[in-house]
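Commentary on secondary and tertiary structure
Residues per chain are reported as follows:
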Amino acid sequence: MMLYTSKIGGTAIMRHKETGVMAAPQDQDLVDKLKLDSPDVDKWQIMEIAEAQPNRLAMFDASLMHAALPFGGSGEGVKSRTVYTRFVR
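Let me begin by describing the structure that accompanies this report. Predicted, not measured: the structure shown is a model, and the values here were computed from it.

**Notes on a nonpolar patch on the surface**
- Taken together, the side chains of Val41, Ile46, Ile49 and Phe71 make up a nonpolar region of the molecular surface, amounting to roughly 310 Å² of accessible area.
- Topologically, valine 41 is positioned in the loop between α1 (28-37) and β3 (44-51).

This is the structure:
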């Protein structure tokens, strides 16, 4: 779960365009492919977005492919994306 503490950014649930993968695979070759493609935003499709708002909680299965928004960085100081992250069962 992620509890947003600012209005900056959010979290995107992603799908790998070439393979259709949306959750952590067990196959090591596929893991390697996704790792290789992870920094290239054009190789991914956004499926859902949780936009940051103070005190908004987003809960999702951690095995889903997800990315912090904005892509490429979350700002600095008071203009940064801030979240409280917690793993629950």
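Additional details are given in the paragraphs that follow.
**Some points on the sheet that holds strand β2 (residues 10-16)**
- Spatially, the three strands line up as an open sheet ordered β3-β2-β5, and their pairing is antiparallel. The open sheet is flanked by β3 and β5 (66-69), the only strands paired with a single partner. Mean inter-strand twist for the sheet, computed between neighbouring axes without regard to direction, equals 30°.
- One ladder, built from four bridges, connects β2 with β5; its direction is antiparallel. Each residue of the ladder has a partner; that of isoleucine 13, found in β5, is histidine 66.

**As for the nonpolar core**
- Core analysis: the biggest nonpolar cluster contains eight residues, these being Ala12, Met14, Val21, Leu34, Trp44, Met65, Ala67 and Leu69.
- Contributions of two or more residues to this core are made by β2 and β5.
- Sequence-distant contacts of alanine 67, that is, excluding residues within four places in its chain, are made with Gly10, Thr11, Ala12 and Met14.

**Things to note about the sheet that holds strand β1 (residues 2-4)**
- Reading across the sheet, the three strands line up as β4-β1-β6 and stay open at both edges, with antiparallel pairing between neighbours. Strand pairing shows two members of the sheet lacking a second neighbour, β4 (57-58) and β6 (83-85), which therefore form its edges.
- Relative to β6, β1 is paired through three bridges, and the arrangement is antiparallel. Looking across to β6, one finds that methionine 2 is bridged to threonine 85.

**Section: the environment of phenylalanine 87**
- For phenylalanine 87, the position within the fold is in the segment after β6.
- Sequence-wise, phenylalanine 87 and isoleucine 8 are 79 residues apart; in three dimensions their C-alpha atoms are separated by 22 Å.

**Brief notes about the pairing of β2**
- Most of β2 sits out of view: six of its seven residues are buried.
- When β2 meets β3, the two strands line up antiparallel, connected through seven bridges. Residue pairing across strands places glycine 10 opposite glutamate 51, the latter belonging to β3.

Definitions and cut-offs
Residues numbered from 1 in each chain as written. Predicted model: local features only at pLDDT ≥ 70, side-chain atom pairs only at ≥ 80, totals over all residues. Heavy atoms only, no water. Patch = residues over 30% accessible without salt bridge, like charges linked within 9 Å, V, L, I, M, F, W, Y side chains within 5 Å. Areas by Shrake-Rupley, 256 points an atom, 1.4 Å probe, with all protein chains shown as cover. Salt bridge = Lys/Arg side-chain N within 4 Å of Asp/Glu carboxyl O. Helix = DSSP H or I, 4+ residues; strand = E, 2+ residues; numbered from the N terminus. Pairing = 2+ DSSP bridges. Axes fitted to C-alpha atoms, helices over the stretch in contact; angles between N-to-C directions. Core = buried A, V, L, I, M, F, W, Y, C linked by side-chain atoms within 4.5 Å. Buried < 20%, exposed > 50% of the residue type's maximum accessible area, 1.4 Å probe, protein only. Contact = heavy atoms within 4.5 Å.

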